[in-house]
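Spelled out from the first residue to the last, the chains are:
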Amino acid sequence: MTQISYGLFSELLLVRIHGRAEAYLEASSAERLALVAACRSEATVPDLAQRILSRTIYAQASSRIGPLRELLQNALDASPAGARIDVRSTEDGREISVTDQGRGMTRTELLTDLLVPFRSGKAGELDAIGEHGIGFFSALEIAPWIEVVTATASGGHRLLVAPLGAGPRHEDFSWTLLPLPRPSPTPSPPAGDHAARRAITARAPAPPRRPATGTSVRLSLAQPISRPALAAEIAAAAGLVDPAVARIYVDGALVNTARARLRRAADVPLRLPPSGDICGALELFVGRGDGVEPQLTITQKGLTVATRVDPFPGPELGLHRELARAITAAGFGLVAELPLGVPLNKGRSAVAASASAAVEAALVAAFERFILRDALYDRELLRAVDHRLSSVLDRLVHAALLGESITIASAQAADELDPLARTPTVAAPEQVIRFAGGLLDAPLFRSIVVDAGQRPPGAPPAPLGQLHWRGAALTLRELLQAHRAGVLRPLEGAPFLPSTQARSTARWPLGASSAAPEPTAGAPGARPGELVYLALDEPLALAFWRRLATEGAAAQHAQPAAAAPPRPPGAAPCPMPRTSRDVLLKTAADVAGVRAAAAAMTIIERLDAAISESADLPTSPIWAHQDLYGPDEMAHTDGSGISVNLASARVRALLTAVLLRDDAVAFTALTDLLLHEKTHVSLASYVPRPMAEHGTSFYRRKDWMRRRLLAAIASGAVVDPIRWLAVARRGLVSSALPAPEELSRAFQAAAAAA
C-alpha cells in the first residue's frame with residue numbers, strides 16, 4: 001500500500017461513495033487523481049461530497065460544548081476503565097488539547113474511519129458510545145486547524161487538518177499524515193562505568209518519549225476560550241462521568257467529582273421498539289451538592305445528553321411535575337442514565353425519535369418508583385422539601401377527605417406501566433390519578449394500633465394493664481379511614497403501654513430512621529375496637545395532622561354556604577372548556593349559580609387590573625374552566641391569560657367566602673393566588689417557560705409584585721380591589737356557585753347543538 005501523505009476530505013468521501021476507497025488508498029499520486037476525476041464524472045451531483053461534509057460539520061452542535069463532548073466521548077471509548085483523560089489549554093486560550101491513554105489509531109483507522117463521515121470503527125464494541133462516525137467532524141466547526149497525534153503498540157502517526165477556502169463555512173479540508181518516529185534511545189556507557197553514566201545524565205535531559213499508546217487531539221480555536229470557561233463547559237459535558245470509568249482533568253484539576261454526591265434511587269428495564277427487546281435499564285440517581293444541578297439531567301455513560309428544568313411537561317403528568325419541582329427547588333438534582341443501547345440523534349443532544357416514547361415511559365416509571373419506594377422514606381430529603389412536598393400532597397389529602405375517586409390501588413400498577421390499568425378521573429388525568437393512588441397506598445406513617453381485646457358490644461373497656469398494641473406502618477388511605485371512623489389520635493395522647501404486658505408485632509420499630517417500612521402482615525389499618533396513634537415526629541405525618549385539623553375547622557365554617565353537595569366517590573369527570581365570562585353567561589344562562597360565577601370572575605378581573613397597574617404590566621384575560629389542567633386550581637397558559645378551575649373545591653370555598661361577605665382573610669388568599677399566577681404570566685412574556693417556574697427568581701419577582709401592589713394601594717395610586725366586592729355582589733340572589741356537573745352538561749349540550 002502506498003504511503004499517502006496528503007489529500008482532501010471530499011476525495012476520501014467521494015471514492016467511498018463510489019466504492020473505490022481501497023483502490024484509492026493503494027494507488028500512486030497520478031492514479032489517485034485519475035480515480036477522483038472518474039468518480040466526479042460519474043456523480044449526478046458533482047459537489048455532492050462537499051455538501052455532505054458541510055452539513056456534517058456545521059449542522060451538529062448548537063454550542064462549543066457539543067464538539068468537546070464528542071472528543072471526550074471518543075477518548076472514553078478508547079480508554080480502559082479508570083484511565084486518565086487530560087484536557088489542557090494555553091494561557092491565551094487559543095489552543096486546547098484532549099489526551100487519552102487508550103489504544104490509539106492505526107494509519108488505516110485514521111484514513112478509513114476518522115476522516116470519513118458515517119464510518120465508525122466502534123460499531124461492534126458493546127461499551128462504546130459512538131455510533132454515527134461524525135463526532136470528530138463537529139470539532140472542525142470551532143477549530144478549523146486540528147492536529148492528531150496517536151500511537152498504537154506497533155507505531156504512531158501525526159495527522160494535520162487545515163481548512164481550504166475562506167470561511168467559515170470552509171469549502172473543504174486538507175489532511176496530511178506523517179509517521180511518528182520513535183524517540184532515539186539514550187546512549188549507554190560501558191557496563192560498570194559509573195562516571196560516564198553520571199556525565200551523560202548531567203549533560204542533557206532525556207529526550208521526550210512517545211507514550212506506549214494513546215491519542216492527543218490539539219485544536220486551534222477560531223475563538224479563544226478562558227480557562228474557567230473551559231472547565232465549566234467540560235464539567236457541563238462530562239461532570240457526571242463515573243471516575244471508575246475515567247478521571248477527567250482540565251488543566252490539572254479533576255472535574256468529574258459529582259458522581260460521589262449521587263445515589264441510585266431507581267431503575268427500570270427499557271424496551272425499544274419495534275422488537276420490544278430489553279436494551280438495558282434506565283437508572284435514576286438523586287443527590288445535591290457541587291456539580292449536581294437542581295434539574296433533570298439525561299446522560300449516557302455519564303456524558304450529558306440533555307437537561308430539563310421541567311422534567312415532566314404536559315397536563316397528564318401534573319402530580320409528577322409538582323413533586324419534581326418540590327425536589328429540585330430544595331436543591332436536589334435528578335440524573336437519568338440511559339443504557340448504551342439507546343440511540344441518540346446525530347448531535348447527541350436528544351434521544352432518537354424512534355426511542356423517545358419508550359425512554360419517556362421508563363423515566364416516568366423510574367420517578368414513580370423513586371417517590372414511592374425511596375423519597376418518602378428519606379429523612380434528609382423530606383426535611384429539605386418538607387413545606388413544598390407537603391403542599392403537593394395536601395391537595396391529595398383534601399381530595400380523599402372529600403371522597404373524590406382515587407381508586408387505583410398500588411405502586412405495583414405504576415411499576416408495570418400497564419396501559420389497561422385505567423380509572424375514571426375526577427379532577428385530573430388518568431396518569432395523575434394512578435400515581436396518586438400509589439401515594440395513597442404507600443406505607444408512610446409510623447403508628448401504634450392499640451387493642452383492648454375482643455369485647456361484646458356495650459361491654460366496658462378493658463383495664464389499662466391488659467391493653468395490647470402493635471406497631472404498624474400505615475398508608476394514607478388507612479389513616480383517612482381511621483379518621484372517618486373517629487379512632488385516629490396523635491401519639492402524644494397514647495396511653496402508657498407497659499412493656500411486660502403489651503405485645504408488639506411491629507416490623508418497623510419507632511426508633512428506626514432510614515429503612516423503608518413494610519406493612520404489617522395481616523393487619524391493614526385498624527380493626528373494630530382499635531385506636532390508631534400517629535407518630536408526629538416526621539414531616540409528612542405532622543403536615544397530615546395539621547391538614548386534618550384545618551379541614552375539620554373549615555368544614556364546620558363553610559358547610560352552611562356550600563354551593564353544591566360534594567362529588568360522590570367514583571363520579572365521572574366534569575370537563576368544561578376554557579371560556580370567558582360572556583360565553584359562560586351565554587352558554588349556561590339557565591344553570592343555577594352562573595351569575596355568582598360571573599361575579600367571581602369580575603372580582604378576579606379587578607384584582608388582576610390592580611396588580612397589573614401597580615407592576616406596569618398589561619392586564620390578562622380571565623377565563624374559567626373545569627378539570628382541563630390536572631389538579632391546578634388556576635392555570636396560566638403560555639403567558640396569555642389566567643384560568644380559574646370552577647371544579648376545584650378550594651377555589652369554590654374561597655370564591656364563596658368572598659361572595660358572601662367582605663372576608664379579608666379569604667380575599668387576601670385569593671390575592672396571593674392571583675399574584676402567583678400573574679408572576680407566571682409576567683415571566684413567560686420574556687423568559688422561556690421552563691425558567692418561569694418555581695425557582696428563586698420566580699419567588700423574588702412574586703414578592704416584588706406583592707410589595708408594588710401594597711405600596712400602590714397605600715399611596716392611592718391603585719384603588720383597593722376589596723372595595724369592588726360590594727359592586728360585584730349587586731343583584732346576586734345567592735352566592736352559591738354552579739355545580740360542576742350542571743356546567744359540564746350545559747357546555748356538552750351547546751357543543752352537540754353546534
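In this text the structure is predicted, and so the values were computed from the model without any measurement.

Thresholds applied
- Residues numbered from 1 in each chain as written.
- Predicted model: local features only at pLDDT ≥ 70, side-chain atom pairs only at ≥ 80, totals over all residues.
- Heavy atoms only, no water.
- Helix = DSSP H or I, 4+ residues; strand = E, 2+ residues; numbered from the N terminus.
- Buried < 20%, exposed > 50% of the residue type's maximum accessible area, 1.4 Å probe, protein only.
- Contact = heavy atoms within 4.5 Å.
- Areas by Shrake-Rupley, 256 points an atom, 1.4 Å probe, with all protein chains shown as cover.
- Axes fitted to C-alpha atoms, helices over the stretch in contact; angles between N-to-C directions.
- Parallel < 35°, antiparallel > 145°, perpendicular 65-115°, else oblique.
- Left-handed = near helix turned anticlockwise from the far one by under 90°.
- Pairing = 2+ DSSP bridges.
- pLDDT = per-residue confidence, 0-100.
- Salt bridge = Lys/Arg side-chain N within 4 Å of Asp/Glu carboxyl O.
- Expected span 1.5 Å × (residues − 1).
- Core = buried A, V, L, I, M, F, W, Y, C linked by side-chain atoms within 4.5 Å.
- Nonpolar A, V, L, I, M, F, W, Y, C, P; charged D, E, K, R; others polar.

(A) Quick look at the overall build of the protein chain. Of regular secondary structure, the protein chain possesses 24 helices and 22 strands. For the protein chain, with 754 residues in total, the buried portion stands at 49%. The contacts of the protein chain with a sequence gap of at least 6 include a subset with a gap of at least 24, amounting to 70%. Counting only carbon and sulfur atoms, one obtains 56% of the accessible surface of the protein chain, whose full area is about 34,800 Å².

(B) Structural view of the packing of helix 10 (residues 318-329) against helix 11 (residues 353-373). Closest axis-to-axis distance for the helix 10/helix 11 pair is 11 Å, and the angle between their directions is 60°. In terms of axis orientation, helix 10 runs oblique to helix 11. Of the two possible hands of crossing, helix 10 and helix 11 adopt the one that is left-handed. Facing helix 10, whose interface residues are H320, L323, A324 and I327, helix 11 presents V364, F367, E368, F370 and I371.

(C) Expanded view of the sheet that holds strand 7 (residues 214-220). Sheet architecture is open: 9 strands sit in the order 1-6-5-4-7-3-2-8-9, paired in mixed fashion. Edge positions in the open sheet fall to strand 1 (6-8) and strand 9 (253-254), since each of these has one partner strand only. Across 5 bridges, strand 2 (residues 83-89) lies against strand 8 (residues 246-250) in parallel orientation. Across the sheet, D86 pairs through a bridge with Y249, a residue of strand 8. Packed onto the sheet, helix 9 (residues 227-238) meets strand 2, strand 3 (95-100) and strand 8 and runs at close to 160° relative to strand 8.

(D) Looking closely at the confidence of the model for the protein chain. On average, residues of the protein chain carry a pLDDT of 75, and 71% of them reach 70 or more. In the model, residues 204-208 has pLDDT below 50 throughout and makes 3 contacts with residues more than four positions away in sequence or in other chains. Across residues 496-523, where pLDDT falls below 50, the model places 49 contacts with residues more than four positions away in sequence or in other chains.

(E) Structural context of the pairing of strand 11 (residues 277-287). In terms of strand pairing, strand 10 (residues 262-272) meets strand 11 through 10 bridges, oriented antiparallel. Of the residues in strand 11, the one forming a bridge with L272 is D277. The hairpin turn running from strand 10 into strand 11, its antiparallel successor, is 4 residues long, and G276 in that turn takes a positive phi close to 80°. As judged from the 5 bridges shared by strand 11 and strand 14 (residues 333-338), these two strands associate in the antiparallel manner. Its bridge partner being in strand 14, V286 is matched across the sheet by L334.

(F) Representation of the pattern of salt bridges in the model. Under the criterion given, the structure shown has 21 salt bridges. Notably, a salt bridge pairs K702 with D672, separated by 3.6 Å at the nearest N-O pair. Here the residue K702 occupies a position in helix 22 (residues 696-715), and D672 occupies one in helix 21 (residues 664-684), the gap between them amounting to 30 residues. Where salt bridges share partners, they join D672, K702, D703, R706 and R707 into one cluster.

(G) Quick peek at helix 20 (residues 649-660). A rise of 1.5 Å per residue sets the reference length of helix 20, with its 12 residues, at 16 Å; its end C-alpha atoms lie 16 Å apart and thus fit the reference within 8%. Within helix 20, the full set of buried residues consists of V651, R652, L654, L655, T656, A657, V658 and L659.

(H) Representation of the pairing of strand 12 (residues 296-300) in the model. The buried fraction of strand 12 amounts to 5 of the 5 residues, a majority that puts the element mostly inside the structure. Side-chain alternation along strand 12 places L296, I298 and Q300 on one buried face and T297 and T299 on a second face that is also buried. Of the pairings in the sheet, the one linking strand 12 to strand 13 (residues 303-308) comprises 5 bridges and is antiparallel in character. Residue pairing across strands places T297 opposite T307, the latter belonging to strand 13. The hairpin formed by strand 12 and strand 13 contains 2 residues between the paired strands, and K301 there has a positive phi angle of roughly 55°. Relative to strand 14, strand 12 runs parallel, the two being bridged by 5 bridges. Bridged to I298 within strand 14 is A336.

(I) Seen up close, the environment of A365. Considering the arrangement of structural elements, one finds A365 in helix 11. For A365, a relative accessible area of 0% gives the class buried. For A365 and A266, which are 99 residues apart along the polypeptide, the C-alpha to C-alpha distance reads 9.0 Å.

(J) View of the environment of V644. With respect to the helices and strands, the residue V644 is situated in strand 22 (residues 642-645). The exposure class assigned to V644 is buried, which follows from its relative accessible area of 2%. Linking V644 and A600, residues 44 residues apart in sequence, is a C-alpha distance of 9.9 Å. Leaving out residues up to four positions away in the same chain, V644 has contacts with I604, W623, A624, H625, E633, M634, V651 and L655.

(K) Expanded view of the sheet that holds strand 14. Strand order in the open sheet formed by 5 strands is 10-11-14-12-13, and the pairing between neighbours is mixed. Edge positions in the sheet fall to strand 10 and strand 13, since each of these pairs with one other strand and no more. For this sheet, the mean angle separating the axes of adjacent strands, direction not counted, is 25°. Where helix 11 meets the sheet, its contacts fall on strand 10, strand 11, strand 12, strand 13 and strand 14, and the angle it forms with strand 10 comes to roughly 140°.

(L) Spotlight on the nonpolar core. Counting 63 residues, the largest nonpolar core has F367, F370, I371, F445 and F544 as its most contacted members. A per-element tally of this core places helix 11 first, with 12 residues. Among the nonpolar cores identified, the runner-up in size contains 57 residues, and A75, L115, A143 and L221 belong to it.

(M) Spotlight on the packing of helix 1 (residues 9-17) against helix 4 (residues 48-58). One can describe the packing of helix 1 onto helix 4 by two numbers: an axis separation of 9 Å at closest approach and a directional angle of 115°. For the element pair helix 1 / helix 4, the angle class is roughly perpendicular. Relative to helix 4, helix 1 is oriented so that their crossing is right-handed. Every residue of helix 4 that contacts helix 1 at F9, S10, L13, L14 and I17 is listed here: L48, A49, Q50, I52 and L53. Classifying every residue of the contact of helix 1 with helix 4 gives 8 nonpolar, 2 polar and no charged.

(N) The arrangement of the environment of A649 in detail. Within the secondary structure, A649 sits in helix 20. Taking C-alpha positions, A649 is 8.8 Å from E633, a pair spaced 16 residues apart along the chain.

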